[in-house]
Amino acid sequence: MFNIPTFYQQNMDFDTAKSVFGGDLLKGMEMIQEHWDRYATGNSGDMYEDDDDFFATWEYEVNAYNVVYSTMKPLFA
């Protein structure tokens, strides 16, 4: 899950989260995780100035990720 700053947190239901990623939830979640991993390891070039810039860019996707993750997590416990 992403630790989203309060300013970028959105109240999103599962159907809205699904629509953010389109038809393939896993692929969408992997994509945003890869963006975060590149940023966190310094491999995203000058694309993001800081965490705030990252979350401003991917606001809907990171919120959708957290909703899908939270909803699906009990299935894998």
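**Quick notes on the packing of helix H1 (residues 14-21) against helix H2 (residues 25-40)**
Two elements in contact, H1 and H2, have axes separated by 8 Å at closest approach and are oriented at 75°. Between H1 and H2, the interaxial angle falls into the category roughly perpendicular. The segment H1 lies against H2, with Phe14, Lys18 and Phe21 engaging Leu25, Gly28, Met29 and Ile32. Here the residues of the contact of H1 with H2 are counted per class, giving five nonpolar, one polar and one charged.

**Examining the side chain of Glu61**
Inspection of the secondary structure assignment puts Glu61 in helix H4 (residues 59-72). Although Glu61 is buried, it makes no salt bridge; Arg38 carries the closest opposite charge, 12 Å away. Residue contacts for Glu61: discarding those within four places in its chain leaves Val20, Phe21 and Ile32.

**Notes on the packing of aromatic side chains**
Scanning the model with the defined rule gives 11 aromatic pairs in all. Seen from their ring centres, Trp36 and Phe54 are 4.9 Å apart, and the 70° between their planes marks the pair as edge-to-face. You can see Trp36 sitting in helix H2 and its partner Phe54 sitting in helix H3 (residues 51-57), a full 18 residues away along the chain. Given the relative accessible area of 0%, Phe54 is considered buried. Taken together, a centroid distance of 5.5 Å and an interplanar angle of 90° make the contact between Phe54 and Phe55 edge-to-face. Like Phe55, Phe54 is buried. A connected cluster of aromatic rings, assembled from ring pairs, spans Phe2, Trp36, Tyr39, Tyr48, Phe54, Phe55, Tyr65 and Tyr69.

**Some remarks on a negative patch on the surface**
Residues Asp24, Glu30, Glu34 and Asp37 make up a contiguous surface patch of negative charge. Tracing the backbone shows Asp37 in helix H2.

Conventions adopted
- Throughout, a residue's number is its position along its own chain's written sequence, starting from 1.
- In view of the model being predicted, local features appear only for residues whose pLDDT reaches at least 70, and side-chain atom pairs are presented and counted only at 80 or more, with totals across whole chains, interfaces and linings using the full set of residues.
- With hydrogens and water excluded, all non-hydrogen atoms of the structure serve as input to the side-chain values.
- All axes are obtained by fitting lines to C-alpha atoms, using only the stretch in contact for helices, and the reported angles, taken between N-to-C directions, cover 0 to 180 degrees.
- A helix here means a DSSP run of H or I that spans at least four residues, while a strand means a run of E at least two residues long, and both kinds are numbered starting from the N terminus.
- Should an angle lie under 35 degrees it is considered roughly parallel, over 145 roughly antiparallel, and from 65 to 115 roughly perpendicular; all remaining angles are considered oblique.
- Pairs of residues are marked as contacts when any of their non-hydrogen atoms sit within 4.5 Å.
- Under the grouping applied here, Gly and all other residues not named as nonpolar or charged are polar, the nonpolar ones being Ala, Val, Leu, Ile, Met, Phe, Trp, Tyr, Cys and Pro and the charged ones Asp, Glu, Lys and Arg.
- Buried means the residue's accessible area, taken with a 1.4 Å probe over protein chains only, is under 20% of the maximum for its type, while exposed means over 50%, and partly exposed covers the values in between.
- Lys and Arg are tallied as positive, Asp and Glu as negative. Neither His nor the chain termini are counted.
- Salt bridge, as used here, is a side-chain nitrogen of Lys or Arg placed within 4 Å of a carboxyl oxygen of Asp or Glu.
- We call Phe, Tyr and Trp rings a pair once their centres come within 6.5 Å, taking the six-membered ring for Trp, and we label the pair stacked below 30 degrees between planes, edge-to-face above 60, and tilted otherwise.
- Patch rule: a residue counts if its relative accessible area is over 30% and it has no salt bridge; like charges are joined within 9 Å, and nonpolar side chains (Val, Leu, Ile, Met, Phe, Trp, Tyr) within 5 Å.
- Here, Shrake-Rupley sampling with a 1.4 Å probe gives the accessible areas, and only protein chains in the shown set may cover a residue.
- One atom stands in for each charge, and that atom is NZ of Lys, CZ of Arg, CG of Asp or CD of Glu.

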